[in-house]
Amino acid sequence: MSTPDGLRELLLSRIADVPDHPKPGVVFKDITPLLADPAAFGALTDAFVSLCERYEADKVVGLEARGFILAAPVAVRAGIGFVPVRKAGKLPGATLRQAYDLEYGTAEIEIHADAVAPGDRVLVIDDVLATGGTAEASLELVRRAGAEVAGVAVLMELGFLAGRQRLEPGLKGAPLEALITV
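This structure is a prediction, so every number in the text was calculated from the model and none was measured. (Residues numbered from 1 in each chain as written. Predicted model: local features only at pLDDT ≥ 70, side-chain atom pairs only at ≥ 80, totals over all residues. Heavy atoms only, no water.)

Concerning the environment of L161
And then number 1: Tracing the sequence through the fold places L161 in the loop between strand 8 (148–157) and helix 6 (163–171).
And then number 2: Non-local contacts of L161, meaning those with residues more than four positions away in its chain, are made with A130 and T131. (Helix = DSSP H or I, 4+ residues; strand = E, 2+ residues; numbered from the N terminus. Contact = heavy atoms within 4.5 Å.)

Spelled out as structure tokens, the structure:
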């Protein structure tokens, strides 16, 4: 998907660079100014809703934590269900868990075991695609729960971290849409 220049510029103008956060040498992409601007947040939501329609999604999965903020209004506006994918141990009841590698160690995420059903088409939404580990694990969870991956949509892809290349095999042909690539 090619993001219209006006939308791309609006979104970029509302994302703040925070140097040396959370550690020296890292430039954190802060989306809170975008969330505080109803026009920018609305335009972002509309862009994701268009992707739900294009890929015929029945549900959206939001990845903890900023993915929740982005995916929930998309689900409401698109008239489809919202499913949170959380850090391990945060969801009550029966869950499916998936481990994935971090730069130094591993982490785990979970989804409710009954959150999606066979035949559901799920669009995974997150704020940033960095190394791709969390997104890759979420695709595995969606499929293990019996649903089909309609695609992955992110506000921003950090192209220099090669998350797209890591995610490519796990997509199994499903599209990966980044509204902005830096």
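Alright, that's what it looks like, and here's the rest.
Regarding the packing of aromatic side chains
And then number 1: As enumerated under the stated definition, the model contains one aromatic pair in all.
And then number 2: Here the aromatic rings of F68 and F82 are separated by 6.2 Å at their centres, their planes lie at 85°, and the arrangement is edge-to-face. Residue F68 is found in helix 4 (residues 66–78), and its partner F82 is found in strand 4 (residues 81–87); the two are separated by 14 residues along the sequence.
And then number 3: Classification of F82 as partly exposed rests on a relative accessible area of 31%. (Phe/Tyr/Trp six-rings, centres within 6.5 Å; stacked < 30°, edge-to-face > 60°. Buried < 20%, exposed > 50% of the residue type's maximum accessible area, 1.4 Å probe, protein only.)

Some remarks on helix 3 (residues 38–54)
And then number 1: Across its 17 residues, helix 3 extends 24 Å between first and last C-alpha, which sits within 8% of the 24 Å expected from 1.5 Å per residue.
And then number 2: Turning to helix 3, its buried residues number three or more, namely A40, F41, G42, L44, T45, A47, F48, V49, L51 and C52.
And then number 3: The N-cap of helix 3, judged by a side-chain oxygen 2.9 Å from the amide nitrogen of A39 a few residues on, is D37.
And then number 4: In the stretch just after helix 3, E56 is the one whose phi turns positive, near 50°. (Expected span 1.5 Å × (residues − 1). Polar contact = N/O pair within 3.5 Å; in protein donor to acceptor, adjacent residues only side chain to side chain.)

Thoughts on unusual backbone geometry
And then number 1: For the bond running from H21 to P22, omega is 5°, close enough to zero to count as cis.
And then number 2: Considering the arrangement of structural elements, one finds P22 in the loop between strand 1 (16–19) and strand 2 (27–30).
And then number 3: Cis geometry is found at the peptide bond from E64 to A65, where omega equals 0°.
And then number 4: If you trace the backbone, A65 turns up in the loop between strand 3 (59–63) and helix 4.
And then number 5: Phi is positive for D20, which is not a glycine, with a value near 60°.
And then number 6: Tracing the backbone through its elements, the reader meets D20 in the loop between strand 1 and strand 2.
And then number 7: At A162, a residue that is not glycine, the phi angle is positive and equals roughly 60°.
And then number 8: Assignment of secondary structure puts A162 in the loop between strand 8 and helix 6.

Section: the sheet that holds strand 9 (residues 176–181)
In a beta sheet, neighbouring strands pair by backbone hydrogen bonds and run either parallel or antiparallel.
And then number 1: Taken in spatial order, the seven strands of this open sheet run 5-6-4-3-7-8-9, and their pairing is mixed. A single partner strand is all that each edge strand has here, and the edge strands are strand 5 (95–102) and strand 9. Within the sheet, the average angular offset between the axes of one strand and its neighbour, ignoring direction, is 20°.
And then number 2: Judged from the four bridges that link them, strand 3 and strand 7 (residues 121–129) form a sheet pairing that is parallel. Residue pairing across strands places K59 opposite V122, the latter belonging to strand 7.
And then number 3: Docked against the sheet, helix 1 (residues 5–13) engages strand 8 and strand 9, running at close to 65° with respect to strand 9. (Pairing = 2+ DSSP bridges. Axes fitted to C-alpha atoms, helices over the stretch in contact; angles between N-to-C directions.)

Thoughts on the pattern of salt bridges
And then number 1: Scanning all chains against the criterion turns up 13 salt bridges.
And then number 2: Notably, a salt bridge pairs D17 with K29, separated by 2.7 Å at the nearest N-O pair. Of this pair, D17 sits in strand 1 while K29 is found in strand 2, placing the two residues twelve residues apart along the sequence.
And then number 3: Since its relative accessible area comes to 47%, D17 is described here as partly exposed.
And then number 4: The shortest N-O distance in the salt bridge between K59 and D120 comes to 3.1 Å. Highlighted residues: K59 in strand 3 and D120 in the loop between strand 6 (105–112) and strand 7, separated in sequence by 61 residues.
And then number 5: One salt-bridge network, held together by shared partners, links R97, E108 and E110. (Salt bridge = Lys/Arg side-chain N within 4 Å of Asp/Glu carboxyl O.)

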